[in-house]
Amino acid sequence: MKIIDMRSDTVTKPTDAMRTAMASAQVGDDVYGDDCVTNELERLAAEMAGKEAAIFVPSGTFGNQLALFTHCRRGDEVIIYGDCHIAHDEAGAPAIIAGVQLQTLEGRGSLPNAVSIESRIRKDPSDFHYPPTGLICMETAHSDGRVIPLDSMAAVHKTAKRYGLPIHLDGARLFNAADYLGVKAAEITKYADSVMFCLSKGLCAPIGSMLAGTKDFVDLARRRRKIMGGGMRQTGILAAAGLIALRDMTGRLREDRDNAVLLANKLSKISGIACEPSDVHANLVFFALDGNISVDALMNALNENGILANPPEDGLMRLATHYWISEEDVQKVADVFAKHV
Ligand SMILES: *Cc1c(COP(=O)(O)O)cnc(C)c1O
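Below you will find a few notes about this structure. Because the structure is predicted, anything quoted here is derived from the model rather than measured.

Here is what the cut-offs are and how they apply
Position numbers for residues count from 1 along each chain, tracking the sequence in the order it is written. Owing to the predicted nature of the model, reporting of local features is limited to residues with pLDDT of at least 70; listing and counting of side-chain atom pairs is limited to 80 or more, with chain, interface and lining totals taken over all residues. Hydrogen atoms and water are omitted, and side-chain values are computed over all heavy atoms in the structure. Strands here mean DSSP runs of E at least two residues long; helices mean DSSP runs of H or I at least four residues long; both are numbered from the N terminus. A 3.5 Å cut-off defines polar contacts: any pair of N or O atoms within that distance qualifies, except that in protein one atom must be a possible hydrogen donor and the other a possible acceptor, and neighbouring residues in sequence count only when both atoms are side-chain atoms. The near set for a molecule or strand comprises every residue that places at least one heavy atom within 4 Å of it. Exposure was quantified through the Shrake-Rupley algorithm and a 1.4 Å probe, taking into account, for residues, occlusion by the shown protein chains and nothing else. Each residue receives one of three labels: charged for Asp, Glu, Lys and Arg, nonpolar for Ala, Val, Leu, Ile, Met, Phe, Trp, Tyr, Cys and Pro, and polar for the others, Gly being one of them. In a helix, the anticipated span is given by 1.5 Å times the number of residues less one. Buried residues are those whose accessible area, probed at 1.4 Å on protein chains only, stays under 20% of the maximum for their type, while exposed residues exceed 50% and partly exposed ones sit between those limits. Residues count as neighbours in contact if any of their non-hydrogen atoms are within 4.5 Å of one another. Two strands are counted as paired when DSSP detects at least two bridges linking them. Here the axes come from fitting lines to C-alpha atoms, over the contacting stretch only for helices, and the angles between their N-to-C directions go from 0 to 180 degrees. Charge counting follows a simple rule: Lys and Arg are positive, Asp and Glu are negative, and His as well as the terminal groups are ignored. Criterion for a salt bridge: a side-chain nitrogen of Lys or Arg within 4 Å of a carboxyl oxygen of Asp or Glu. Note on ring pairs: Phe, Tyr and Trp rings are taken, using the six-membered ring of Trp, and paired if centres are within 6.5 Å. Classes follow the plane angle, with under 30 degrees stacked, over 60 edge-to-face and the rest tilted. Counting as a charge over the ring demands two things of the Lys NZ or Arg CZ atom: a distance within 6 Å of the ring centre and an angle within 35 degrees of the ring normal.

Points about the environment of Ser278
Now for step 1: The residue Ser278 is located in the loop between strand 9 (273-274) and strand 10 (284-289) in this model.
Now for step 2: Only 2.8 Å separates the side chain of Ser278 from the side chain of Glu276, close enough to count as a polar contact.

Thoughts on the site of the ligand
Now for step 1: Among the 14 residues in the neighbourhood of the ligand, the closest are listed as Gly60, Thr61, Asp170, Arg173 and Lys201.
Now for step 2: Asp170 places a polar side-chain atom, nitrogen or oxygen, 2.6 Å from a nitrogen atom of the ligand.
Now for step 3: A distance of 2.6 Å separates an oxygen atom of the ligand from a polar side-chain atom of Lys201.
Now for step 4: Relative to its unbound accessible surface of 380 Å², the ligand loses 84% to contact with the protein.
Now for step 5: Mapped by element, the contributors of at least two residues to the shell around the ligand are helix 3 (60-71) and strand 7 (194-198).
Now for step 6: The dominant element in the shell around the ligand, judged by the number of residues it contributes, is helix 3, at three residues.
Now for step 7: Of the residues contributing to the shell around the ligand, the split by class is three nonpolar, six polar and five charged.

Observations regarding helix 2 (residues 36-49)
Now for step 1: The terminal C-alpha atoms of helix 2 lie 20 Å apart, and with 14 residues this matches the ideal 20 Å at 1.5 Å per residue to within 8%.
Now for step 2: Where helix 2 is concerned, the buried positions are Val37, Thr38, Leu41, Glu42, Leu44, Ala45, Ala46 and Ala49.
Now for step 3: Buried-residue contacts for helix 2 involve strand 2 (53-57), helix 9 (185-189), strand 7, strand 8 (209-213), helix 10 (215-227) and helix 11 (236-249).
Now for step 4: Where helix 2 ends, the next residue or the one after it, Gly50, has phi of about 65 degrees, a positive value.

Considering the sheet that holds strand 7
Now for step 1: On the basis of which strands lie adjacent, the open sheet formed by seven strands has the order 2-8-7-6-5-3-4 and mixed pairing. On the outer flanks of this sheet lie strand 2 and strand 4 (101-105), each paired with one strand and no other. Neighbour-to-neighbour, the strand axes of this sheet turn through a mean angle of 20 degrees, independent of strand direction.
Now for step 2: With five bridges connecting them, strand 2 and strand 8 associate as antiparallel partners. Within the sheet, the bridge partner assigned to Ala54 lies in strand 8 and is Ala212.

Observations regarding the sheet that holds strand 10
Through backbone hydrogen bonds, the strands of a sheet pair up, either in parallel or in antiparallel fashion.
Now for step 1: Spatial ordering of the open sheet is given by 9-10-12, a layout of three strands whose pairing is antiparallel. Lying at the two open borders of the sheet, with one neighbouring strand each, are strand 9 and strand 12 (316-320).
Now for step 2: Here two bridges tie strand 9 to strand 10, and the two strands are oriented antiparallel to one another. In the strand pairing of strand 10, Ala274 is matched with Ala288.
Now for step 3: This element, helix 12 (residues 253-268), spans strand 9, strand 10 and strand 12 of the sheet and lies at about 15 degrees to strand 10.

Focus on the side chain of Lys201
Now for step 1: Here Lys201 shows up in the loop between strand 7 and strand 8.
Now for step 2: The buried charged residue Lys201 lacks any salt bridge partner; its closest oppositely charged side chain belongs to Asp9, at an N-O distance of 5.2 Å.

With respect to the packing of aromatic side chains
Now for step 1: Enumeration over the complete set of coordinates arrives at three aromatic pairs.
Now for step 2: Aromatic pair Phe175 and Phe197: ring centres 5.3 Å apart, planes at 85 degrees, arrangement edge-to-face. Residue Phe175 is found in helix 8 (residues 174-181), and its partner Phe197 is found in strand 7; the two are separated by 22 residues along the sequence.
Now for step 3: By relative accessible area, which is 0% here, Phe197 ends up buried.
Now for step 4: If you follow Arg224 out to its NZ or CZ, it ends over the ring of Phe69, 5.1 Å from the centre.

Here we look at the pattern of salt bridges
Now for step 1: Using the criterion set out here, one finds 20 salt bridges in the structure.
Now for step 2: Among the salt bridges present, the one from Arg233 reaches Asp29, with a minimum N-O distance of 3.2 Å. Of the two residues, Arg233 is situated in the loop between helix 10 and helix 11 and Asp29 in the loop between helix 1 (16-23) and helix 2; the sequence distance between them amounts to 204 residues.
Now for step 3: Overall, Arg233 belongs to the partly exposed group, its relative accessible area being 36%.
Now for step 4: One network of salt bridges, with partners in common, ties together Glu40, Arg43, Glu47 and Arg247.

In structure tokens form, the structure reads like this:
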């Protein structure tokens, strides 16, 4: 029985092409700067993100925290919606690594409001009671499955620039967002000074993320990455998979979105499930189950059918589509839900 793993898009294993490229990758020592495949990956990543430079990092969390550590000074304040990964899912790292304080906003990080953000900017830097605002963060595609409209990003960007503040974009699923909006990734990242995106999610690379920005920013990030223990050696083995992720996998994300929308449509027709297909912008499908449904029985049924899924969290269940999930798989998952809900 094929295992249908929909727990996340991080479960994606490398493709055969990636394994072949990894096995034969030319390597050097990236801390000395002479790992040519990593250099090529960083060049391509910068180009696709529309930035001057980029740096390879071990994970998305690492890249986000490196961005905070590079943009900010200790004691700075970072303005961010509380439902964003950096605030919610990175184990309190901003306080530990960059030594910054988060000024969190209530509401949906997938629909950031420039006026609300402006209200949190510290207006009088000379007042020593206040921590200086050092950075504003956005996230798209957001972990709630939605993509920020470009005009909202533009408004936040305009506000930030009025106060001379940098913006960091958590673009773990940047290319899913670009697919949804039908634009090149650079059309999104032009509203941010730095951007992190993951190679290891829907793009199938086994390990790694990129952080892109100006050359000066990336030069400083290289020093900070060393401090964080992220100076790695024969990274060409990983970068070889990363290059395939950027070259070949960014163009097929539409398939994952189509499968996610298909699944949402099917689930929304099952009584006992509340799912809104129009909220599916990327590859994540969220839905609520009626209170009288036995979650244990449902999880057992999924398990018996080879379907891996996380149990509901705060009443919401999430399924992720990705390279290894086909339309037939989606059909089977929907059938199991229809039978057991
Ligand atoms: C997955 C994710 C990250 C972190 O990536 P890891 O590689 O798991 O550390 C950051 N931000 C968002 C929005 C994510 O979905």
